[in-house]
Amino acid sequence: VPVLRDGSGALNPVRLVEAARDGEPLPEGALEAFLEAYRRGGEGVEDYHVAAFLMAVVFRGLAPGDLSRLVRAMLGSGVRLDLSHLPGPRVDKHSTGGVGDKASLPLAPLVAEGGLFVPMMAGRGLGHTGGTVDKLESIRGYRTDLELDEFVSVVETVGCSIVGQTEEIAALDRRLYALRSVTGTVPSIPLVAASIMSKKLAEDLTGLVLDVKVGRGAFFPEEARALELARTMVGIGGDHGVATSALLTSMERPLGRAVGNALEVAEAVACLRGEGPGDLRDLVLTLAGEMFRIGGIVPDARVGRERAEQLLDGGGPLGRFRRMVDRHGGDPRIVDDPGRLPAAPVVREVRAEAPGRVLAVDPLSLGRGVVELGGGRTRLDQDIDPSVGFVLHVVPGDDVAPGDLLGRVHAASEPDARRGETVLRAAVEVGPSGAEVEPRPLVGRRVAAGEPVDRPASRPGPTGS
Ligand code: URA
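Just so it is clear, the structure is predicted and the values come from calculations on it, not from any experiment.

Draft legend 1. Molecular detail of the sheet that holds strand S1 (residues 91-95). Read across the sheet, 4 strands follow the order S1-S4-S5-S13 without closing on themselves; strand pairing throughout is mixed. Every interior strand has two partners, whereas the edge strands, S1 and strand S13 (443-448), have only one. Sheet twist, expressed as the average angle between the axes of neighbouring strands with direction ignored, equals 20 degrees. As paired elements, strand S5 (residues 243-250) and S13 share 4 bridges and run antiparallel to each other. Bridge assignment links Leu 247 to a residue of S13, and that residue is Arg 446. Lying over the sheet, helix H9 (residues 189-201) contacts S1 and strand S4 (207-214), oriented at roughly 160 degrees with respect to S1.

Laid out in structure tokens, this is it:
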């Protein structure tokens, strides 16, 4: 009888948790049995066993063999699509989680406009970070739970479709993801890598671009850990025959100006109109260039980026986004009139009290602030308020005078708005006028199988406003 089973041969989940806690190798078949019993339910493996196991992995890691088993178990927990009939490359992008990162929304229709097919399975908010599924659900009627045949049909006809995980696809990731989000068990390289790659491998892709966040708003703030995560995921992609590359991108401050679900959708639509913050546009174009490269339709990422810029400015991707929203049952009129998105009843302006220069804007506290305002979850079964969040009016390097607007808090009530103001004031660090603010490039290294780690073609220099 293997050590993790009781006398009758049944799996003993407590022993598996203890083994993971003590960093012992897990016996052959134990992890698969544990996860399968959890997925099926009613077989003695409960949320609390799994939450404890996840916390053990956060501290102890997972042996490479167990990571492969975890990925396979997650992938095998649902259907794998067969999209080989599509007449073009199938390429997706996934981010490791950021604050204000709404890049998937403009990116999917943009690269679809360029001839790629994007069957995107996205996630909900996780910990302090936002999730694409929650953002899209702030569009009245938008269904992120399409039946598989509907999903495939939208990809076929519109070129892109963004859905959440269902009971059919990556079912186990869906459960683990929700549990991790509310148990402080997100920042683990094997857990993040398995979560992302199980969803992406189920999509039957030919290519995948990963946006690995680095900096204080990322799950792995230090570059060395982010690089390890990138290499781990690129390796899993290669093992499964999917051309995969990763870009390390900065999460030292929120991406763009808006943080919070509906507010971010409005900003994503602005990006599709050729407006909106420069850093968001820069990231979207860089990722699109890399997706075109990995899809094999341009010789390199620089040419891909130029192609993306022409397409975005041609306006086609905006129409494609509208069609995608419509096909998902969402109100397409939000594209022309973002005023139709859910709006918070209280909007509070936060103004500078003293002169100075903005030194930093902390994404972590703003991300947590959105959760506190009700825009993210602290319990598994929680509904979220799509309308709340922050819109920033300053970026690092800006000079402010007393009375200048730092940002706005969108909240459900006056007391919430006051708490939001405290969060925003603490997040915007104002130092002495004339202080040096180091420019930080938005896009850093690229990791791809068999290539030295290098720097991709992105706009040089600081990426402000
Ligand atoms: N995105 C995911 O899909 N999973 C994670 O674990 C983190 C970010």
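The discussion continues.
Draft legend 2. Expanded view of the pattern of salt bridges. Following the criterion strictly, the structure yields 43 salt bridges and no others. Between Lys 102 and Glu 267 there is a salt bridge whose closest N-O contact spans 2.6 Å. Within this pair, whereas Lys 102 is found in the loop between S1 and helix H5 (104-113), its partner Glu 267 is found in helix H11 (residues 261-272), the two being separated by 165 residues in sequence. Of the charged contacts, one joins Arg 445 and Glu 223 as a salt bridge, the two residues approaching to 3.3 Å between their closest N and O atoms. Of the two residues, Arg 445 sits in strand S13 while Glu 223 sits in helix H10 (residues 223-239), which places them 222 residues apart along the sequence. Looking at Arg 445, the relative accessible area reads 28%, which means it is partly exposed. For Glu 223, a relative accessible area of 37% puts it in the partly exposed group.

Draft legend 3. Structural context of the pairing of S1. With 5 of 5 residues buried, S1 lies mostly within the body of the structure. Because side chains alternate across S1, one face comprises the buried residues Val 91, Lys 93 and Ser 95, and the other comprises Asp 92 and His 94, equally buried. Relative to S4, S1 runs parallel, the two being bridged by 5 bridges. Counted as the bridge partner of Val 91 is Gly 207 from S4.

Criteria and thresholds
- Residues numbered from 1 in each chain as written.
- Predicted model: local features only at pLDDT ≥ 70, side-chain atom pairs only at ≥ 80, totals over all residues.
- Heavy atoms only, no water.
- Pairing = 2+ DSSP bridges.
- Helix = DSSP H or I, 4+ residues; strand = E, 2+ residues; numbered from the N terminus.
- Axes fitted to C-alpha atoms, helices over the stretch in contact; angles between N-to-C directions.
- Contact = heavy atoms within 4.5 Å.
- Salt bridge = Lys/Arg side-chain N within 4 Å of Asp/Glu carboxyl O.
- Buried < 20%, exposed > 50% of the residue type's maximum accessible area, 1.4 Å probe, protein only.

Scope: geometric values only; no functional claims are made or implied.
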